[in-house]
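Understanding the architecture of this molecule
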Amino acid sequence: IDECSINYYLRRGEGGWPWSRARHADLLDALDRAGVRAAGFDIQFSAPSQVDPQSDSILDAMAEGGNGRFVFGATRLHESYDAESGNRVSEVPSAFPFIAKPARDPKVALSFPYGEAMQRHMALLNVTRGGDGVLRDVPLREEIGDWAIPSLALRLAAGDDPKRMAAYPDSV
């Protein structure tokens, strides 16, 4: 999504940003028909649309039909929110154990995508910058207890196979 594509739809009289979720679903449909192996959104669809619930359903249906090939962004909230969370890391969709017999399973606070299928096929968007604001590496997972939650980059590279995800390094 860039200024050129936003202006394109403005000129067509279809509005600027944010786009309808149906437009995102149309993009996934076109990529699917073209035979794409995986696609990820580094946009967080954290709340349903207040003006177009039908588009929300269409995008979540595309997530369902993608069978894990379409990955949606989630955000790890600050760890100070973990104690109040109702989620154990093992219960987080796409979380995987990074040791053979996981025992530590703490609570974790996340902002999930709004749709059920989108939640099942989610990955983290979080990155960490140095003190000078420069991004020097991309974390591939966030380790919490004996579990890890994959980043968007890892989910796209490894698919949804926990063994493949665990084989990658922590960051690149």
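Residues numbered from 1 in each chain as written. Predicted model: local features only at pLDDT ≥ 70, side-chain atom pairs only at ≥ 80, totals over all residues. Heavy atoms only, no water.

1. Let's talk about the layout of surface pockets
Taken as a whole, the largest pocket spans an internal volume of roughly 210 Å³. Pro18, Trp19, Ser20, Arg21 and Ser49 are, among the 13 residues lining the largest pocket, the residues nearest its centre. Class assignment for the residues of the lining of the largest pocket results in six nonpolar, five polar and two charged. Empty space within the second largest pocket amounts to approximately 170 Å³. For the lining of the second largest pocket, the element with the highest residue contribution is helix H5 (residues 152-158), accounting for four residues. Here the residues of the lining of the second largest pocket sort into five nonpolar, three polar and five charged. (1 Å grid on protein atoms, 1.4 Å probe; cavity = no way out; pocket = protein on both sides within 12 Å on 5 of 7 lines; lining within 4 Å. Points joined across faces, edges and corners; volume = space filled by probe spheres on them. Nonpolar A, V, L, I, M, F, W, Y, C, P; charged D, E, K, R; others polar. Helix = DSSP H or I, 4+ residues; strand = E, 2+ residues; numbered from the N terminus.)

2. So, the packing of aromatic side chains
Two descriptors summarise a pair of aromatic rings, namely the distance from one centre to the other and the angle between the planes of the rings. Applying the stated criterion across every chain, the model contains five aromatic pairs. Taken together, the aromatic side chains of Tyr8, Tyr9 and Trp19 make up a single cluster linked through ring pairs. In this arrangement the basic side chain of Arg23 is found over the ring face of Tyr9, its NZ or CZ atom lying 3.5 Å from the centre. Above the plane of the ring of Trp19 lies Arg23, whose end atom (NZ or CZ) is 5.4 Å from the centre. (Phe/Tyr/Trp six-rings, centres within 6.5 Å; stacked < 30°, edge-to-face > 60°. Lys NZ or Arg CZ within 6 Å of the ring centre and 35° of its normal.)

3. Looking at the sheet that holds strand S6 (residues 141-144)
In a beta sheet, neighbouring strands pair by backbone hydrogen bonds and run either parallel or antiparallel. What the three strands build is an open sheet, ordered S3-S7-S6; its pairing is antiparallel. Whereas interior strands pair on both sides, the edge strands pair on one side only; in this sheet they are strand S3 (96-97) and S6. (Pairing = 2+ DSSP bridges.)

4. Some points on the pairing of strand S7 (residues 147-150)
Burial along S7 is two-sided: Trp147 and Ile149 and Ala148 and Pro150, pointing in opposite directions, are all buried. Sheet topology note: the S3/S7 ladder contains two bridges and is antiparallel. By the bridge assignment for S7, Phe96 is matched with Ala148. Two strands pair when backbone bridges link them, and S6 and S7 are joined in this way by four bridges, in the antiparallel orientation. Across the sheet, residue Ile144 finds its bridge partner in S7, namely Trp147. Where S6 folds back onto S7 in an antiparallel hairpin, the turn is made up of two residues, including Gly145, whose phi is positive at roughly 65 degrees. (Buried < 20%, exposed > 50% of the residue type's maximum accessible area, 1.4 Å probe, protein only.)

5. Quick word on helix H2 (residues 21-33)
Relative to the 18 Å expected for 13 residues at 1.5 Å per residue, H2 spans 18 Å between its end C-alpha atoms, a close match to the ideal helical length. Taken residue by residue, H2 has Arg21, Ala22, Arg23, His24, Ala25 and Leu28 as its buried positions. In this structure, the buried side of H2 is in contact with helix H1 (3-11), strand S1 (39-41), helix H3 (53-65) and strand S2 (70-76). (Expected span 1.5 Å × (residues − 1). Contact = heavy atoms within 4.5 Å.)

6. Focus: unusual backbone geometry
In the Ramachandran plot, Asn67 falls in the positive-phi region, its phi being about 50 degrees despite a non-glycine side chain. You can call Asn67 exposed: its relative accessible area is 63%. At Ser94, a position not held by glycine, the phi torsion is positive, near 75 degrees. Considering the arrangement of structural elements, one finds Ser94 in the loop between S2 and S3. Take Ser94: its relative accessible area is 16%, and that puts it in the buried class.

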